[in-house]
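# Results of the structural survey
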Amino acid sequence: MYSILVATNFSKTSDNAVLYSASLAQLLNTKLVLFNAFKLPIHASNARISATSMDALIESTKEKLRKQALKLSNKFKIKVEYQCSYLDFELEIDSILKSYNSKFLVMGMSAKSLEQNLLGNPTTTLISMKNFPVLAIPVNAKFSGIRKILFACDIMQDIPLRTLAKLKRAAIQLKSEVTVFYVEKKINELKSENKGFENIEKGLENVTYFYKKVNSDTVIKAIEKEIEKSSFDLLVMMPKKYGFWESIVHRSKTRVMASGINIPLLSIPID
């Protein structure tokens, strides 16, 4: 049985992501796992506290998780587990996902700000670094089912069928329809025989989906506008992986969107 793994630090943003994840786990009839990567407070680290005191801090965090897990289990009638580890979250998250048989990680997403657009946040960092799906939940997003998915993609890009299969699996499990939304800068730039179209036709077989195109020079604004005017429940994007120098000069569209939108964003990296 697979599980849904959600990262929490007991903040308002992560608490909302936990509630959203619990509703999703209830819908999918699966297990929820709360995970906290324990870090010492700065003042405690500077004071060089004893091992006994450190253990007490970790146990206090585990107790918070235990109470939260019990409350969620009773409210949503689901199985909830929890884990608190003293480790580097970014380095260890791959093995944690594997140990709990989780297909993706859920994280809270803070409100949009100029600082986040420029520097990113923990969610955008994982999206850019890791090769697993990340479901980012805005701080004000509430779960009410996922019936309509907006899949924003670059048709000119060859998206592998194995990557599209992840979207197909999610759409079927959620009983969702998918709108394939793409932006082109020039009319007639794309042709129906383009391989991107062929892969989407194959990759989303047995899924209800539609195509929607707009002509725009500003991709991000076009996506945001579409979200605002339509009642979508989830945005899906499939970011490319960039090398070191490319990552310096190229701002990922997925990362920008994950710096603060109004609906959850599922990032599925192209593998």
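Residues numbered from 1 in each chain as written. Predicted model: local features only at pLDDT ≥ 70, side-chain atom pairs only at ≥ 80, totals over all residues. Heavy atoms only, no water.

### Describing the overall build of the protein
Broken down by element type, the protein carries eleven helices and ten strands. Looking at the protein as a whole, 50% of its 271 residues qualify as buried. Sequence separation of 24 or more characterises 81% of the internal contacts of the protein that already satisfy a separation of 6 or more. Total accessible area computed for the protein in this model is approximately 14500 Å², and 52% of it derives from carbon and sulfur atoms. (Helix = DSSP H or I, 4+ residues; strand = E, 2+ residues; numbered from the N terminus. Buried < 20%, exposed > 50% of the residue type's maximum accessible area, 1.4 Å probe, protein only. Contact = heavy atoms within 4.5 Å. Areas by Shrake-Rupley, 256 points an atom, 1.4 Å probe, with all protein chains shown as cover.)

### Some thoughts on the nonpolar core
By size, the foremost hydrophobic cluster in this structure holds 45 residues, and its most contacted members are L32, L34, L135, F151, L167 and V178. Per-element accounting of this core gives the leading share, seven residues, to helix α1 (residues 12–28). (Core = buried A, V, L, I, M, F, W, Y, C linked by side-chain atoms within 4.5 Å.)

### Some remarks on the confidence of the model for the protein
Atomic detail in the predicted coordinates should be set aside for any region of low pLDDT. Mean pLDDT for the protein: 78, with 70% of residues reaching 70 or above. Mean pLDDT across the elements of the protein bottoms out in helix α10 (residues 244–249) (40) and peaks in α1 (96). Here residues 42–46 is a poorly scored stretch, pLDDT under 50, and it has two contacts once near neighbours within four places are set aside; other chains count. (pLDDT = per-residue confidence, 0-100.)

### Structural notes on unusual backbone geometry
In the Ramachandran plot, F10 falls in the positive-phi region, its phi being about 70° despite a non-glycine side chain. By the secondary structure assignment, F10 is in the loop between β1 (3–7) and α1. Positive phi outside glycine occurs at N29, with the angle close to 55°.

### Quick word on the side chain of S23
Examined against the element boundaries, S23 turns out to sit in helix α1. On the accessibility criterion, S23 (14% relative accessible area) is buried. Sequence-distant contacts of S23, that is, excluding residues within four places in its chain, are made with F76 and F143.

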